Amino acid sequence: MADPRLFTITLNPAIDHTVRVAALVPGAVHRAQGDQREAGGKGVGVAAVLAALGRSVTATGWLGADNDGVFVDAFAARGIDDAMLRLPGATRTNIKIADASRGDSTDINLPGLSLAPDALAHAEAGLLALLAERVQPGDWCELAGSLPPGADAGVWERIARALHAQGAHIAIDTGGAVLRDLLRVLADPARGAVVPVAFIKPNQAELEELAGHGLPTRAEVAAAARGLCQDFGVGQMAVSLGGEGAVIATAAHCWHAAAPRVPVATTVGAGDALVAGTLAALSQGQPMPGAALFGMACAAARIQRIAPGLPPRREVDALAAAISAQPI
């Protein structure tokens with residue numbers, strides 16, 4: 001039997017303009033070591049990693065028609081099925097300053113296409129029609145990234161409910177109040193059928209926002225993650241802790257996995273790689289914590305290189321074999 005198909009849905013993509021500097025000093029003039037422009041947005045990044053893993057993946061959502069060339073080229077080069085709906089206007093550019101001395105990046109994200117109410121309703125209707133035509137029972141769909149100006153969590157709710165009605169598995173990788181509101185309404189029987197969410201990947205700060213308080217210890221992170229799975233019907237969760245690895249949770253179990261020690265060229269794309277690897281494994285039937293460990297291996301492989309994508313699969317598998325999970 002063929003693997004389930006994977007879809008990423010990105011409503012606010014971006015052209016990521018990464019500028020590399022030796023060391024970022026606020027207020028100083030810097031000479032760049034180089035730069036690159038890439039098709040970006042959480043779902044686009046996840047699709048790129050899934051394609052690098054050899055999975056068939058469709059990228060859909062909304063894209064500005066005025067400057068879509070970088071996306072057209074990227075999708076063609078990586079073997080990603082391009083089902084992005086073109087909207088009038090230009091896709092935003094996000095600036096990422098990669099600091100070689102620290103091995104991290106500073107991001108400046110622009111807001112994105114601003115849609116008037118009529119244009120937003122038209123764009124949503126077009127996307128729902130596309131998903132109804134393409135998504136089949138058993139497919140995996142990721143709702144990814146931020147919302148453009150004018151849109152609210154209700155857009156994601158309607159998309160999620162439509163996908164659930166079509167028999168798809170739903171993963172969510174959004175942040176802040178949008179993630180909290182979306183989980184609440186999807187789990188609320190007063191709003192209609194409860195929509196189970198198969199996977200989410202908050203970082204620790206996002207989990208603290210969901211919990212409504214700080215989580216200073218690993219045990220508190222684990223308890224909050226397991227509680228959210230129970231309260232909102234989330235099947236699986238990976239809470240990324242940066243250099244401390246990840247807490248992996250279901251409603252019944254929780255584990256911690258330490259991040260492998262690897263040289264860091266950039267942190268850009270690490271979260272997308274973790275999500276992509278985990279979804280690739282979950283969609284092939286691998287349970288937790290193993291699915292998230294493979295996702296962590298993809299993230300560890302991604303951060304070792306400035307260029308997007310992954311090294312050969314054997315290197316990813318070797319990293320995965322070196323990561324273990326301990327019950328909490």
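To start, this report covers the structure provided alongside it. Just so it is clear, the structure is predicted and the values come from calculations on it, not from any experiment. (Residues numbered from 1 in each chain as written. Predicted model: local features only at pLDDT ≥ 70, side-chain atom pairs only at ≥ 80, totals over all residues. Heavy atoms only, no water.)

**Points about the sheet that holds strand E2 (residues 14-21)**
Remark on secondary structure: sheet strands pair via backbone hydrogen bonds, oriented parallel or antiparallel. Strands sit in the order E3-E2-E6-E7 across an open sheet of 4 strands; the sheet is mixed. Either end of the sheet is taken by a strand with one partner, and the two such strands are strand E3 (34-40) and strand E7 (104-108). On average, each strand axis in the sheet is tilted by 25 degrees relative to the strand beside it, whichever way the strands run. This element, helix H2 (residues 69-78), spans E2 and E3 of the sheet and lies at about 80 degrees to E3. (Pairing = 2+ DSSP bridges. Helix = DSSP H or I, 4+ residues; strand = E, 2+ residues; numbered from the N terminus. Axes fitted to C-alpha atoms, helices over the stretch in contact; angles between N-to-C directions. Contact = heavy atoms within 4.5 Å.)

**Thoughts on helix H10 (residues 313-321)**
Listed in full, the buried residues belonging to H10 are Val316, Leu319 and Ala320. Buried residues of H10, viewed axially, fall in a sector of 100 degrees; they line one side. The exposed residues of H10 that point more than 90 degrees off its buried face are Arg314 and Ala321. Where H10 is buried, its residues touch helix H9 (290-302). (Buried < 20%, exposed > 50% of the residue type's maximum accessible area, 1.4 Å probe, protein only. Arc of directions from axis to C-beta.)

**Examining the state of the cysteines**
For the coordinates displayed, the defined rule picks out 0 disulfides. Counting only cysteine sulfurs, Cys298 is the nearest neighbor of Cys141, a cysteine outside any disulfide, at a range of 20 Å. A relative accessible area of 1% places Cys141 in the buried class. When its relative accessible area of 0% is taken as the criterion, Cys298 is described as buried. (Disulfide = S-S within 2.5 Å.)

**As for the nonpolar core**
Counting 56 residues, the largest nonpolar core has Ile80, Phe199 and Met288 as the members making the most contacts within it. It is H9 that contributes the most residues to this core, 10 residues altogether. With sequence-adjacent residues up to four places away left out, Met288 is seen in contact with Phe199, Gln236, Ile248, Thr250, Trp255, Thr278 and Leu282. By size, the runner-up hydrophobic cluster in this structure holds 51 residues, among which are Leu115, Leu186, Val195 and Val239. (Core = buried A, V, L, I, M, F, W, Y, C linked by side-chain atoms within 4.5 Å.)

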